[in-house]
Amino acid sequence: MRGRTARTAWILASGTVALTLLSAAVAHAEGRGDIRVTKTVVNGGNNVIIGTSARVSYPIAITIRDNSGVKGLSDVSVFNKTNGWGFSDWVDTRCEKKSSTTSVCTATMTIAPAWLPGSMPEDVNRTAGVWQVNATVKANDGDYWISDHIAEFKMKRASKLTANAAPEPVAKGAKLTVTGKLSRANWEDLKYHGYAGQDVKLQFKKAGTAHYSSVKTVKTGDTGQLTTKVTATSAGSWRWYFPGTTTTARVVSVGDAVNLK
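Residues numbered from 1 in each chain as written. Predicted model: local features only at pLDDT ≥ 70, side-chain atom pairs only at ≥ 80, totals over all residues. Heavy atoms only, no water.

## Thoughts on the pattern of salt bridges
Threshold: A pair is scored as a salt bridge if a Lys or Arg side-chain nitrogen falls within 4 Å of a carboxyl oxygen belonging to Asp or Glu. A run of H or I in DSSP counts as a helix once it spans at least four residues, and a run of E counts as a strand once it spans at least two, with each numbered from the N terminus.
Applying the stated criterion across every chain yields a total of three salt bridges. Here lysine 81 ties to glutamate 152 by a salt bridge, and the two come within 2.6 Å at their closest N and O atoms. Here the residue lysine 81 occupies a position in the loop between strand 6 (70-80) and strand 7 (85-87), and glutamate 152 occupies one in strand 11 (residues 144-157), the gap between them amounting to 71 residues. We note a salt bridge from lysine 219 to aspartate 199, for which the minimum N-O separation is 3.0 Å. Here lysine 219 is found in strand 16 (residues 213-219), whereas its partner aspartate 199 is found in strand 15 (residues 199-206), with 20 residues between them in sequence.

Rendered as structure tokens:
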């Protein structure tokens, strides 16, 4: 069964819009009959990562059960739990019947970063963080259920991380300087800006081995820059690893291989 299709936009207006001020403080579940949501999975269990240019779509798979069988979804909304900003419409809905009483209905949400600037009277970057899902589900016999807070997920700002080790090659026992920069997407101007004050791990993989191990932790500077000195004891690759935060995505730089001379 296929539901309706709607274009999603990040705007503040009345009617069926995608970015609107919802009430995050009020939670309820009400309806009629025995229809219920038994499971909800957002984006396959992964974070939703938004950058500065690419359009991002992510599925919300909702498992629904009713004795008469499932008719489908009539509404899906997601919003930031802290400030109440979120989507009140979806792009596409498809339902897959699993049994006579159970179906999995998937609503696909879409975000285009180009829609973000000017969509809020305050910093749109504040929409990053923990989000929740609400849905209204319907059964073949007319039962319906309005379910709030059926799942949580994190919508994060995309991040970038660079690494450079010098000099190359380096004498064994000499000092090696490893630099880099951590930046993240700014949804106001659709550019990447340095991310200051963040703990980033320097990691090393010895030549001929398969895995990196952490050497030390370095805090980013005012413009997201990283710099540290290490002693070169063997040939191998150096990289930076940022574990991410509630609002910013995890990222690993490309390794920079350094040989001994």
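## Considerations on the packing of aromatic side chains
Applicable threshold: Pairing of aromatic rings covers Phe, Tyr and the six-membered ring of Trp, with a centre-to-centre limit of 6.5 Å; geometry is then stacked below 30 degrees between planes, edge-to-face above 60, and tilted otherwise. Summary of the burial criterion: residues with accessible area below 20% of their type's maximum are buried, those above 50% are exposed, and those between are partly exposed, where the area comes from a 1.4 Å probe applied to protein chains only.
For the structure on display, the rule yields four aromatic pairs. When the centroid spacing of 6.0 Å and the interplanar angle of 80° are considered together, the rings of tyrosine 195 and phenylalanine 242 count as edge-to-face. Taken together, the residues span a long stretch of sequence, with tyrosine 195 in the loop between strand 14 (191-194) and strand 15 and phenylalanine 242 in strand 18 (residues 236-242) at a distance of 47 residues. By the burial criterion, tyrosine 195 is buried, and phenylalanine 242 matches it. With a centroid separation of 4.4 Å and 40° between ring planes, the pair formed by phenylalanine 204 and tryptophan 238 is classed as tilted.

## What about the pairing of strand 10 (residues 129-139)?
Here is the rule: The pairing criterion is simple: DSSP has to find at least two bridges between the two strands.
Where burial is concerned, most of strand 10 is hidden: nine out of the eleven residues are buried. As paired elements, strand 6 and strand 10 share nine bridges and run antiparallel to each other. Directly across from serine 77, in strand 10, lies its bridge partner asparagine 134. Linking two consecutive strands that pair antiparallel, namely strand 10 and strand 11, is a turn of four residues; a positive phi of about 95° is found at glycine 142 within it.

## Some remarks on the state of the cysteines
For clarity, the threshold we go by: Here, a disulfide means two cysteine sulfur atoms that sit within 2.5 Å of each other.
According to the stated counting rule, one finds one disulfide in the structure shown. At a sulfur-sulfur separation of 2.0 Å, the disulfide partner of cysteine 95 is cysteine 105. The disulfide joining cysteine 95 to cysteine 105 has a torsion of about 110° about its S-S bond and is therefore right-handed. One end of the pair, cysteine 95, is in strand 8 (residues 92-97); the other, cysteine 105, is in strand 9 (residues 102-111), with ten residues separating them in the sequence. On the accessibility criterion, cysteine 105 (0% relative accessible area) is buried.

## Some points on the side chain of asparagine 186
Short version of the rule: Note on contacts: a residue pair is in contact if any heavy atoms of the two residues lie within 4.5 Å.
Examined against the element boundaries, asparagine 186 turns out to sit in strand 13 (residues 175-186). Those residues in contact with asparagine 186, other than ones at most four positions away along the chain, are Thr52, Asn125, Arg157, Lys191 and His193.

## Let's talk about the sheet that holds strand 5 (residues 56-65)
Worth spelling out the cut-off: Interaxial angle, 0 to 180 degrees, is taken between N-to-C directions of lines fitted to C-alpha atoms, where a helix line uses only the stretch in contact.
Spatial ordering of the open sheet is given by 3-5-9-8, a layout of four strands whose pairing is antiparallel. Every other strand in the sheet has two partners, leaving strand 3 (36-42) and strand 8 as the edge strands with one partner each. If you compare each strand with its neighbour and ignore which way they point, the axes differ by 20° on average. Strand direction decides the pairing type here: strand 3 and strand 5, joined by six bridges, are antiparallel. If you follow valine 41 over to strand 5, its bridge partner there is alanine 61.

Functional significance is not addressed by these values, which are geometric in nature.
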